[in-house]
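Inside the fold
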Amino acid sequence: MSYTITVRDLKARMDKGDQIFLLDVREPHEYSIAKIEGSVLIPLGQVPHSLKQLDPSAEIVAYCHKGMRSADAVGFLLQQGFSNVKNLIGGIEAWSIEIDQSVPRY
């Protein structure tokens, strides 16, 4: 099973109406600049204390600025028994470049 997803694949799945929990693991000031609509902000440092906010049976796609912090989040969630988690390759930066140019880059 792959633990990554491209922005194009994510957009296609969202357009189909697939139920995906978008987990933004950046900091609040980053989230205020740019975000994917419908995402939930839980900064990476708060993820271990916020597990009750996450449904272990849901499909979770984590993202950050470029994909490094979200990769850490995915690894942590896998260790906690979450089985359907993916890292968004390239993060919000790739989303802005490839999917929605109205999302500011920083």
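Presented here is an overview of the structure given in this document. Here the structure is a predicted model, which means the values were calculated and not measured.

Here we look at the overall build of the protein chain
Across its full length, the protein chain carries four helices and five strands. Listed by position from the N terminus, the elements making up the protein chain come as β-α-β-α-β-β-α-β-α. A globule of 106 residues ought to have a C-alpha radius of gyration of about 13 Å, and the protein chain, at 13 Å, matches this closely. Summarising its shape, the C-alpha atoms of the protein chain cover approximately 35 × 30 × 20 Å along the three principal directions. Counting all 106 residues of the protein chain, 42% fall into the buried class. Counted over contacts in the protein chain with a minimum sequence separation of 6, partners at least 24 positions apart contribute 65%.

Focus on the nonpolar core
Membership of the largest hydrophobic core comes to 16 residues, with the highest contact counts inside it found for L10, I36, V61, L88 and W95. Elements with a minimum of two residues in this core: α1 (7-16), β4 (60-63) and α4 (91-98). Residue contributions to this core peak at three residues, all from α4. Look past the residues within four positions of I36 in its chain and what remains in contact with it is M14, L22, Y63, L88, I92 and W95. If you look at the next biggest cluster of nonpolar residues, it comprises 13 residues, including V47, L54, I60 and A62.

Remarks on the sheet that holds strand β1 (residues 4-5)
Strand order in this open sheet of five strands is β1-β5-β4-β2-β3, and the pairing throughout is parallel. The two strands at the open ends of the sheet, each matched to only one other strand, are β1 and β3 (40-41). Along the sheet face, helix α3 (residues 68-79) touches β2 (21-24), β4 and β5 (85-88) and points at about 175° away from the line of β5.

Side note on the packing of aromatic side chains
What describes a pair of aromatic rings is the distance from one ring centre to the other and the angle between the planes of the rings. Summed over all chains, the structure comprises zero aromatic pairs. The ring centre of Y31 lies 5.2 Å from the NZ or CZ of K35, which sits over that ring.

About the thresholds
Residues numbered from 1 in each chain as written. Predicted model: local features only at pLDDT ≥ 70, side-chain atom pairs only at ≥ 80, totals over all residues. Heavy atoms only, no water. Helix = DSSP H or I, 4+ residues; strand = E, 2+ residues; numbered from the N terminus. Rg over C-alpha atoms; globule rule 2.2 N^0.38 Å. Buried < 20%, exposed > 50% of the residue type's maximum accessible area, 1.4 Å probe, protein only. Contact = heavy atoms within 4.5 Å. Core = buried A, V, L, I, M, F, W, Y, C linked by side-chain atoms within 4.5 Å. Pairing = 2+ DSSP bridges. Axes fitted to C-alpha atoms, helices over the stretch in contact; angles between N-to-C directions. Phe/Tyr/Trp six-rings, centres within 6.5 Å; stacked < 30°, edge-to-face > 60°. Lys NZ or Arg CZ within 6 Å of the ring centre and 35° of its normal.

Coordinates in, geometry out; function isn't part of it.
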